[in-house]
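Below, each chain spelled out in residue letters.
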There are 6 protein chains.
Amino acid sequence: MKIEIINPTTTSAFARKSLAAAQGVASSGTEILSVSVESGPPSIESHYDEALSTIGILERIREGENAGVDGYVIACFGDPGYLAAREIARGPVIGIAEAAFHVASIVATRFSVVTTLARTKIICEHLLQVHGFEHQCRKVRACGLEVLELEETGMAACRDIVEECRRAVAEDDIGAIVLGCAGMADLASHIQEQIGVPVIEGVTAATKLIEGIVALRLGTSKFGDLAYPLPKRLSGSVKHLEIAPRD
Amino acid sequence: MKIEIINPTTTSAFARKSLAAAQGVASSGTEILSVSVESGPPSIESHYDEALSTIGILERIREGENAGVDGYVIACFGDPGYLAAREIARGPVIGIAEAAFHVASIVATRFSVVTTLARTKIICEHLLQVHGFEHQCRKVRACGLEVLELEETGMAACRDIVEECRRAVAEDDIGAIVLGCAGMADLASHIQEQIGVPVIEGVTAATKLIEGIVALRLGTSKFGDLAYPLPKRLSGSVKHLEIAPRD
Amino acid sequence: MKIEIINPTTTSAFARKSLAAAQGVASSGTEILSVSVESGPPSIESHYDEALSTIGILERIREGENAGVDGYVIACFGDPGYLAAREIARGPVIGIAEAAFHVASIVATRFSVVTTLARTKIICEHLLQVHGFEHQCRKVRACGLEVLELEETGMAACRDIVEECRRAVAEDDIGAIVLGCAGMADLASHIQEQIGVPVIEGVTAATKLIEGIVALRLGTSKFGDLAYPLPKRLSGSVKHLEIAPRD
Amino acid sequence: MKIEIINPTTTSAFARKSLAAAQGVASSGTEILSVSVESGPPSIESHYDEALSTIGILERIREGENAGVDGYVIACFGDPGYLAAREIARGPVIGIAEAAFHVASIVATRFSVVTTLARTKIICEHLLQVHGFEHQCRKVRACGLEVLELEETGMAACRDIVEECRRAVAEDDIGAIVLGCAGMADLASHIQEQIGVPVIEGVTAATKLIEGIVALRLGTSKFGDLAYPLPKRLSGSVKHLEIAPRD
Amino acid sequence: MKIEIINPTTTSAFARKSLAAAQGVASSGTEILSVSVESGPPSIESHYDEALSTIGILERIREGENAGVDGYVIACFGDPGYLAAREIARGPVIGIAEAAFHVASIVATRFSVVTTLARTKIICEHLLQVHGFEHQCRKVRACGLEVLELEETGMAACRDIVEECRRAVAEDDIGAIVLGCAGMADLASHIQEQIGVPVIEGVTAATKLIEGIVALRLGTSKFGDLAYPLPKRLSGSVKHLEIAPRD
Amino acid sequence: MKIEIINPTTTSAFARKSLAAAQGVASSGTEILSVSVESGPPSIESHYDEALSTIGILERIREGENAGVDGYVIACFGDPGYLAAREIARGPVIGIAEAAFHVASIVATRFSVVTTLARTKIICEHLLQVHGFEHQCRKVRACGLEVLELEETGMAACRDIVEECRRAVAEDDIGAIVLGCAGMADLASHIQEQIGVPVIEGVTAATKLIEGIVALRLGTSKFGDLAYPLPKRLSGSVKHLEIAPRD
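So, how was this worked out
- Residues numbered from 1 in each chain as written.
- Chains lettered and ligands numbered in written order.
- Predicted model: local features only at pLDDT ≥ 70, side-chain atom pairs only at ≥ 80, totals over all residues.
- Heavy atoms only, no water.
- Helix = DSSP H or I, 4+ residues; strand = E, 2+ residues; numbered from the N terminus.
- Rg over C-alpha atoms; globule rule 2.2 N^0.38 Å.
- Lys, Arg positive; Asp, Glu negative; His and termini not counted.
- Charge placed at Lys NZ, Arg CZ, Asp CG, Glu CD.
- Contact = heavy atoms within 4.5 Å.
- Salt bridge = Lys/Arg side-chain N within 4 Å of Asp/Glu carboxyl O.
- Polar contact = N/O pair within 3.5 Å; in protein donor to acceptor, adjacent residues only side chain to side chain.
- Nonpolar A, V, L, I, M, F, W, Y, C, P; charged D, E, K, R; others polar.
- Phe/Tyr/Trp six-rings, centres within 6.5 Å; stacked < 30°, edge-to-face > 60°.
- Lys NZ or Arg CZ within 6 Å of the ring centre and 35° of its normal.
- Least-squares fit on C-alpha atoms with pLDDT ≥ 70 in both.
- Buried < 20%, exposed > 50% of the residue type's maximum accessible area, 1.4 Å probe, protein only.
- Buried area = accessible area lost by both parts, 1.4 Å probe.
- Axes fitted to C-alpha atoms, helices over the stretch in contact; angles between N-to-C directions.
- Left-handed = near helix turned anticlockwise from the far one by under 90°.
- Pairing = 2+ DSSP bridges.
- Patch = residues over 30% accessible without salt bridge, like charges linked within 9 Å, V, L, I, M, F, W, Y side chains within 5 Å.
- Areas by Shrake-Rupley, 256 points an atom, 1.4 Å probe, with all protein chains shown as cover.
- Parallel < 35°, antiparallel > 145°, perpendicular 65-115°, else oblique.
- Core = buried A, V, L, I, M, F, W, Y, C linked by side-chain atoms within 4.5 Å.
- Domains from an automatic or database assignment.

It is worth spelling out the overall build of chain A at this point. Of the regular secondary structure elements, chain A holds eight helices and eight strands. By the compact-globule yardstick of 18 Å for 247 residues, chain A fits well, its C-alpha radius of gyration being 17 Å. When its C-alpha atoms are laid out on the principal axes, chain A stretches across 60 × 35 × 35 Å. Where the 23 positive side-chain charges of chain A centre and where its 32 negative ones centre are 4 Å apart.

This is the structure:
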């Protein structure tokens, strides 16, 4: 089984972290592929960044479908473009926020999210709402770091995250923490050691969910709104994403 | 005041319809501009189409900001990219679905939506959920038409829509109908005549909401998640959407 | 177009403030009328006050309908009697709470309300729930002032409100503030200057929404629960509100 | 213990029915008083009717407080003015819709409501939402009768109601029916015999809830929003409802 | 009328407290029976404890049905096994949490719960969600006591509870407090005296609700999911709970 | 890794089906164990059956913990006792309803459930509510079969299920079907072939989720409400479930 971890940014350090995280949990029969988007921003911290990176993700998934990829992880906590991505994929496509929510809600009845900049909290809140995890998530917390401060995670950044996690444990009545950024993928076990409670990291969670869904011989339903998009003639800077009619 | 109606498709007929609709309700001091996206699909009927058209919309808004546009209507019922668009605009940006929901919920306590293909219903449902209009909307109904069948709206298409509206009135306990596609912008008054109950059309609704918000000297809040995106170096097919650092 | 601002209290200072606010944003073709209720309390701070002022509002709307008024603003943040009022009006009737919620949710993804006495918060919460803005509103905050302290807004009252607004900005992760009392109508721009983030004031918001709906040739749907009430013989102290049968 | 059943209409037949129903279930130590409003309409089928009858209810409760009444039933399924009424009462005040919802949700996990005219359904829906019974109520059904057709309930009216109840049982997956009009108070046991499933009638339900709350030495909390209204000078047609300052 | 208070623990002090509380509010014609479970734990502070005590409760209800009991109170704030219990009872079965929520929501528009250990809060939250009282309950608060510290309520325990109630009153904008443990049944009036606001205690609340429902000639609906369970051959440690086929 | 499939009934055919289903999807390193409860009913179709089978499940999990089981599947669609079970397990415990909901919501945006008797629908609805999948699930449908009719699934039973699935596909606007009974575990692929759309079966879904969570080195959080229950002296028919104090 081939699972592709799509780093929706152009910062290769994030791809390296995600790859290592996924490989650390993958089953023996699973091949983990790692790509970064060619089109997109170096980090994602706004709705605008999300819209741009979606193009890069869709480009990668079209290539992946030709290369026989069985499932895709969108390695950004905003799950950019996940519905559009599902439409053009046979197999499962899962964003790391949604993946982490699913796993956290099995591990504990209540969890909190610790993310980066405050302005990204709304994206997380919208995902919690649409996926139905509002009751399970006690609080979305920002530790105030810019995503690129996590490129090579220094001591200071890590300390800030651990500090916010501690506050969550002390104040939120929770059984688990969800890390809200792919740039934290290398920190999960360290943080868990520091704070004690289970720490859910989305890249690894998504990898295992995809392995499971593929083993169940399921993928993305091609009935209803996730069916392949109707082929259409595209224009302008997205023309290369045109889908040929199927025969 | 300059309001730009952005047709997020490459089909000029839709731009013409939206322009006419907006002009029909604009105040005397309002200049209605109409543009179609250069980048995007000819019609929007999927999450994928939405992601693509978002790029075209962002291109247009960047131009519009330089040209002193005061507010933007996104003339597609899925409100593609409306949050990203708001981040890069000073003034208000409003999608026609959200606009129609606001107006319909003032005109009546309960409404139904009549849209095109069944696969687009989920987009409408997500918007109703995120904007909080789930209680006010009794039902999202599809009449089974492809959007391009509305390019030059013939009698048959119109009959199908009216038929679905009649069913909504008969079965849904509603006080108003929301038309779920910009391609229906020229049909609102005809349908209202046929079925009696108020028919809300989003292009006109959005135009008036924008006029109102601009007159209130409000726009898009630049505090919180809709603040200008942090400037970043972009790559690939979205490079032209790079935002220069502000001084 | 004639829009009537109904001050649902007997305190003329509030009518003056609301009139000035509405005139400050009205379109050139709009005539703003201002009336205070004859029947009702001098200020509204309880469910009881609301029930009483509703009678005064209905009296005014019946007069207004005869005088050809095109739409009504109920200038109290509890939106007293807005559904009853809609039933007897052809045009739109909108309370300033609902109006402010609509506008605030376009300007920002999340807002907080700053109101007067704590006991009025429940009225605001019920409106947020029924109108579907619970997710968008982070917090309803009371600054502890009685409404009549806003009759002639002195420095102290204003300082308390600004203080509570500052706390909202600091603690609530919001993009906008909604002012929760018609008595604050003259303070909006001052407060916005002090705190920076957009401040939504309901009288002005409602005025523009009504202008918009009337321009859309919409009003209150006369289908369903907002249709004219069935004519009935009334008794006692409400006898004068009897509706003659329509022919 | 004195419980007053307030018929919020001027139609004495409804008062008679409610009185008989309440007396049929009251404890031996309970004195059931019955009054009709002096101010109000002969039947309640709109938001407007509700607003008018609220005045009549408040007049009666002020008298009742002087007469030592221990609790009040508002015998109209829209629970008109129940929050205002609570503010001016020491003891409990409960509307028959809310009462029926509480009882039905103990008797069964899911119920449906059968009411009169379709236009009244929205009032019931708002109550279900505000009181939190939306999940427990499967469906609000109207049988199309005007309330006054229930003044002296003939065979035809009863047949229509039974018919709608049967449909509810057949289609709604419910364990109980709630009757949605005080005018049906004399029909509950007859309908229950016809359809088998438990039928909840609000006047009787409210009577027992009030007996219970009074026995618990509870009433309406005078802390928070249901505290006595601040005394204020009233004007116009509601002047007689002025509350004297307390010493 | 015979009402049985089931103490779902093996600690007789709790049965004594509940019995006294119920007798203190019962009507003259009501006989209050008190039993403790034979099967179960000495206190209930976990999902596990709840599952165990459910067996003891079901044993008692089967005996009670043979003894002609008219209704049952489950005297533990987690309402263990209330749905299973309802299936095997003709009359009403009500847990003290649900009972307290119903009463509190009539007495005040908003309340808070003060319970024992933090780990029991989730049980309360699930009940609030399923019964629809999430909006009415502002906050579930734990005072950190183990349930058995309430066996013979000493001064220290009581002080901790009063302290937490005071915080609720000061911070939560509420009109009433719900006590979250049957072990607090003897403290309600003392606490109410200390803090002023109404204090709702579930054993007494449930007793009155059952009296009411029985007087209404209602019980547990035997239509739908609360109908008697289909008779089945049981095995192992629950074999004694086998239900004989009905003829 | 050892995963134990707990058949919470005494009917061995269900254990055989579940075992076969789980083995069909398990990874090579996973050992699937299968047990039936010793204590419990032959099938589960009521809240009462659920409460009884919970005892059998807890007995099995205590044995399993001693035997080094890494995770447990509760193979009944009502997920009986899943929270109590989680408290006494180190590893993950997952019911097949919850498992199916997680997987279905990744495979499609909307799904329907097809279950057995109508009276079990409420159990499914409560799980959807507590887990947050109410929006994703369009409809819970019963095909009217008793669970034991699925012991050896004959042609007739299968036909009824397929028929109900077809109706779901035709009427519910869904992308996937969830089978609502462990007794259908052998039918999933057959049904999927018949109806086309993806069919999610819970035993297989739960097996893969547990494999994933164990591989993530996560289990059940021992912080918060799922921590080990406090040790207590038990009595009566549940005495054998006493937990010794930990040192």
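Listed as interface residues are 44 residues of chain F and, on the opposing side, 44 residues of chain A. There are zero salt bridges connecting chain F and chain A. Applying the counting criterion to the chain F and chain A interface returns nine residue pairs in polar contact (both at pLDDT 80 or more). At the level of secondary structure, the elements contributing two or more residues to the side of chain F that touches chain A comprise helix H1 (12-25), helix H3 (82-87), helix H4 (96-107), helix H5 (121-131), strand S8 (199-200) and helix H8 (202-215) of chain F. The element best represented in the side of chain F that touches chain A is H8(F), accounting for eight residues. Counted by class, the side of chain F that touches chain A contains 22 nonpolar, 16 polar and six charged residues.

Counted under the stated rule, the structure contains 21 aromatic pairs over all chains. Pairing B:Phe133 with C:Phe133 gives two aromatic rings, centres 6.1 Å apart and planes at 75°, and the pair type is edge-to-face. Here B:Phe133 is found in the loop between helix H5 (121-131) and strand S6 (137-142), whereas its partner C:Phe133 is found in the loop between helix H5 (121-131) and strand S6 (137-142) on a different chain. What links up through ring pairs into an aromatic cluster is the set A:Phe77, A:Phe101, A:Phe111, A:Phe133, F:Phe77, F:Phe101, F:Phe111 and F:Phe133. Note that E:Lys222 overlies the ring of E:Tyr228, its terminal NZ or CZ placed 4.4 Å from the centroid.

Bringing the relation of the copies chain F and chain A into the picture now. After a rotation of 180° and a shift along the axis of 0.0 Å, chain F superposes on chain A with an RMSD of 0.0 Å. Taken together, the turn and the small shift mark the pair as related by a two-fold rotation axis. Ranked by how close their C-alpha atoms come to the rotation axis, the residues of chain F are headed by F:Gly132, at 2.2 Å. Both copies contact each other with a shared surface, as 100% of the interface residues of chain F are interface residues in chain A too.

Mapped onto the fold, C:Arg62 is located in helix H2 (residues 47-66). Judged by relative accessible area, which is 27%, C:Arg62 ranks as partly exposed. Each C-alpha atom, one on C:Arg62 and one on C:Ala85, is 9.0 Å from the other, the two residues being 23 residues apart in sequence. The residues contacting C:Arg62, other than those within four sequence positions of it, are C:Ile88, C:His240, C:Leu241, C:Glu242, C:Ile243 and D:Tyr48.

Attention now moves to the pattern of salt bridges. A complete count under the given rule lists 96 salt bridges over all chains for this structure. Of the charged contacts, one joins A:Lys232 and B:Glu45 as a salt bridge, the two residues approaching to 2.6 Å between their closest N and O atoms. Taken as a pair, A:Lys232 in the segment after helix H8 (202-215) and B:Glu45 in the loop between strand S2 (31-36) and helix H2 (47-66) lie in two separate chains rather than in one. The exposure class of A:Lys232 is buried, given its relative accessible area of 11%. Through salt bridges with shared partners, a single network forms among A:Arg141, A:Glu164, A:Arg167, A:Glu171 and A:Asp172.

All names here are of chain C. Counting buried positions over the eleven residues of H5 gives eleven, a clear majority of the element. Listed as buried for H5 are Lys-121, Ile-122, Ile-123, Cys-124, Glu-125, His-126, Leu-127, Leu-128, Gln-129, Val-130 and His-131. At the C-terminal side of H5, Gly-132 shows a positive phi close to 90°.

Most peptide bonds are trans, and most residues other than glycine sit at a negative phi. Residues and elements named next belong to chain C. Phi angles above zero are rare outside glycine, and Arg-217 is one such case at about 60°. Here Arg-217 is to be found in the segment after helix H8 (202-215). We classify Arg-217 as exposed; its relative accessible area is 63%.

Taken together, the 48 residues of chain A in the interface contact 48 residues of chain B. With both sides pooled, the region where chain A packs onto chain B buries about 3700 Å², and carbon together with sulfur makes up 61% of that total. For chain A, the biggest contributors to the area lost against chain B are A:Tyr48, A:Arg119 and A:Lys232; these three give 21% of the whole. Across the chain A-chain B interface, the total number found is six salt bridges. For the side of chain A that touches chain B, the secondary structure elements donating two or more residues are helix H2 (47-66), helix H3 (82-87) and helix H5 (121-131) of chain A. The biggest single contributor to the side of chain A that touches chain B is H2(A), with ten residues. For the side of chain A that touches chain B, the per-class residue count stands at 23 nonpolar, 14 polar and eleven charged.

The next point concerns the packing of helix H5 (residues 121-131) of chain E against H5(F). The axes of two packed helices give the description: the angle between them and the distance between them. Two elements in contact, H5(E) and H5(F), have axes whose closest approach is 10 Å; the angle formed by their N-to-C orientations is 115°. H5(F) is crossed by H5(E), and the crossing has right-handed handedness. Counted together, E:His126, E:Gln129 and E:Val130 of H5(E) and F:His126, F:Gln129 and F:Val130 of H5(F) form the full contact between these two elements. Grouping the constituent residues of the contact of H5(E) with H5(F) by class yields two nonpolar, four polar and no charged.

On to the sheet that holds strand S2 (residues 31-36) of chain A, then. Residue and element names in this part refer to chain A. What the four strands build is an open sheet, ordered S2-S1-S3-S4; its pairing is parallel. Single-partner strands in this sheet number two, and they are S2 and strand S4 (93-95). Neighbouring strand axes in the sheet, compared pairwise and without regard to direction, differ in orientation by 20° on average. Its contacts with the sheet place helix H4 (residues 96-107) against strand S3 (71-74) and S4, and it is angled at close to 80° to S4.

This paragraph deals with the sheet that holds strand S2 (residues 31-36) of chain F. Residues and elements named next belong to chain F. Judged by pairing direction, the sheet is parallel, and its four strands sit side by side in the order S2-S1-S3-S4 without closing on themselves. Only two strands of the sheet have a single partner each, and these edge strands are S2 and strand S4 (93-95). Averaged over all pairs of adjacent strands, the angle between strand axes in this sheet comes to 20°, irrespective of strand direction. As defined by bridge partners, strand S1 (residues 2-7) adjoins S2 across six bridges and the pair is classed as parallel. Within S2, the position partnered with Asn-7 by the bridge is Ser-36.

Glancing now at a negative patch on the surface. On the surface, A:Glu146, A:Glu149, A:Asp160 and A:Glu163 cluster together to form a negatively charged patch. When you line up the elements, A:Glu146 lands in the loop between strand S6 (137-142) and helix H6 (155-171).

Glancing now at the packing of helix H4 (residues 96-107) of chain B against H5(B). Residues and elements named next belong to chain B. The N-to-C vectors of H4 and H5 enclose an angle of 55°; their axes lie 10 Å apart at closest approach. The pairing of H4 with H5 is recorded here as oblique in orientation. You can see that H4 and H5 cross each other, and the crossing is right-handed. Residue-level inspection shows Ala-97, Glu-98 and Phe-101 of H4 in contact with H5, the latter providing Cys-124, Leu-127, Leu-128 and His-131. For the contact of H4 with H5, the residue count by class is five nonpolar, one polar and one charged.

This part covers the side chain of D:Thr120. Residues and elements named next belong to chain D. By the element assignment, Thr-120 lies in the loop between strand S5 (111-115) and helix H5 (121-131). Given a relative accessible area of 11%, Thr-120 falls into the buried group. Only 3.5 Å separates the side chain of Thr-120 from the side chain of Thr-115, close enough to count as a polar contact. Other than its neighbours up to four places away in sequence, Thr-120 contacts Glu-45 and Thr-115.

Right, let's get into the nonpolar core. A:Phe101, B:Phe101, B:Phe111, C:Phe101, D:Phe101, E:Phe101 and F:Phe101 are the most contacted members of the largest nonpolar core, which has 417 residues in total. Beyond its immediate stretch of four places on either side in the chain, E:Phe101 contacts E:Phe77, E:Phe111, E:Val113, E:Cys124, E:Leu127, E:Leu128 and E:Phe133.

Now for the domain arrangement of chain A. Residues and elements named next belong to chain A. Under the domain assignment used here, chain A contains domain 1 (2-96 + 204-241) and domain 2 (97-201). For domain 1 versus domain 2, the separation of C-alpha centres amounts to 21 Å. Taking both sides of the interface into account, the surface hidden between domain 1 and domain 2 amounts to around 2300 Å²; carbon and sulfur atoms contribute 64%. Looking only at domain 1, the three residues that lose the most surface to domain 2 are Lys-17, Glu-45 and Phe-77, adding up to 33% of its buried area. At the junction of domain 1 and domain 2, the tally comes to two salt bridges. Where domain 1 meets domain 2, there are 14 residue pairs in polar contact (both at pLDDT 80 or more). Counting residues per element, the ones that place at least two in the side of domain 1 that touches domain 2 are helix H1 (12-25), H2, H3, S4 and H8. A per-element tally of the side of domain 1 that touches domain 2 places H1 first, with six residues.

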